[in-house]
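# Topology and contacts: notes
What follows is each chain in one-letter form.
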Amino acid sequence: MKKKIILIGMMGSGKTTIGKILAKKLNLNFIDTDQVVEKKYNLTIKKIFDEFGENFFRLKEEKIILKILQKKTPSVIALGGGAFLNKKIRNIILKDFISIWLNTKLEVIYKRCKNSNKRPLLNNKNKKDLKITIKDIFKTRRTIYSKAKFMVKTNDSPKLICTEIIKKINRFIELKK
């Protein structure tokens, strides 16, 4: 595999979990862009949002992701949930890389996020509001996520999802030959 594989999707869709397994199966490096941002600023994403605001975070996120995308090393990259909304990032990914939308049921995302205090866009929501917020975020992002080269439903175990992703990538590469 000589390309970067970019995983996109909602918060809680399994990008990090699936990305690590996929990278291991393909013998590639794994990069989680949220973790890179947190390491660079020595703050959690939530803290960055709280202290500096979403615009500051998105600017720093863009700069870091563009730098990662310029590197030649093939790898699996898990993008933060909102990063693919950035037109500059999205256009580069769609042009040069293999993008995969991990399409996860909203009920699963809700279950994964309801007890998390790491998700800045879900801050201070009661359980009822949280479901509505997740649904609203998904509605605004679905059309953009659907621009990815592939969509994979995440209804199976992470290992089976990785197997499906590898099959799709291999078919894609065969068709391009």
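Residues numbered from 1 in each chain as written. Predicted model: local features only at pLDDT ≥ 70, side-chain atom pairs only at ≥ 80, totals over all residues. Heavy atoms only, no water.

## With respect to the packing of helix α3 (residues 45–52) against helix α4 (residues 54–70)
Where α3 contacts α4, the two axes come as close as 7 Å, and the packing angle between them is 130 degrees. Viewed along their axes, α3 and α4 adopt a mutual orientation that is oblique. Contacts between α3 and α4 involve Ile45, Ile48, Phe49 and Phe52 on the former and, on the latter, Glu54, Phe56, Phe57 and Arg58. Considered class by class, the residues forming the contact of α3 with α4 number six nonpolar, no polar and two charged. (Axes fitted to C-alpha atoms, helices over the stretch in contact; angles between N-to-C directions. Helix = DSSP H or I, 4+ residues; strand = E, 2+ residues; numbered from the N terminus. Parallel < 35°, antiparallel > 145°, perpendicular 65-115°, else oblique. Contact = heavy atoms within 4.5 Å. Nonpolar A, V, L, I, M, F, W, Y, C, P; charged D, E, K, R; others polar.)

## Describing the pattern of salt bridges
Where charged atoms from two side chains of opposite charge approach closely, those side chains can pair. What the rule picks out here adds up to five salt bridges. Arginine 58 is the salt-bridge partner of glutamate 54, the closest N and O atoms lying 3.2 Å from each other. Taken as a pair, glutamate 54 and arginine 58 lie in helix α4 at a separation of four residues, close to a single helical turn. Note on glutamate 54: relative accessible area 34%, which makes it partly exposed. (Salt bridge = Lys/Arg side-chain N within 4 Å of Asp/Glu carboxyl O. Buried < 20%, exposed > 50% of the residue type's maximum accessible area, 1.4 Å probe, protein only.)

## Re the nonpolar core
Ranked by size, the top nonpolar core spans 31 residues in total, and within it Ile6, Ile8, Leu69, Leu79 and Ile93 carry the most contacts. Apart from residues lying up to four places away in sequence, isoleucine 8 is in contact with Lys15, Leu79, Phe84, Ile100, Trp101, Leu102, Tyr145 and Ala148. Counting residues in hydrophobic clusters, the runner-up holds 17 residues, among them Leu28, Val76, Ile100 and Leu102. (Core = buried A, V, L, I, M, F, W, Y, C linked by side-chain atoms within 4.5 Å.)

## Observations concerning unusual backbone geometry
In the Ramachandran plot, asparagine 27 falls in the positive-phi region, its phi being about 55 degrees despite a non-glycine side chain. Here asparagine 27 lies in the loop between α1 (15–26) and β2 (29–32). Not every positive phi belongs to a glycine, and asparagine 42 is a case in point at roughly 50 degrees. The residue asparagine 42 is located in the loop between α2 (33–41) and α3 in this model. Given the relative accessible area of 69%, asparagine 42 is considered exposed.

## Examining the side chain of lysine 4
Within the secondary structure, lysine 4 sits in the segment before β1 (5–8). As a buried residue without a salt bridge, lysine 4 has its nearest oppositely charged side chain in aspartate 96, at a separation of 9.5 Å. From its side chain, lysine 4 meets the backbone oxygen of threonine 73 in a polar contact 3.2 Å long. Ignoring any residue separated from it by four or fewer positions in sequence, one finds lysine 4 in contact with Ile68, Leu69, Lys71, Lys72, Thr73, Pro74, Ser75, Ile77, Phe97 and Ile98. (Lys, Arg positive; Asp, Glu negative; His and termini not counted. Polar contact = N/O pair within 3.5 Å; in protein donor to acceptor, adjacent residues only side chain to side chain.)

These figures capture arrangement, not role.
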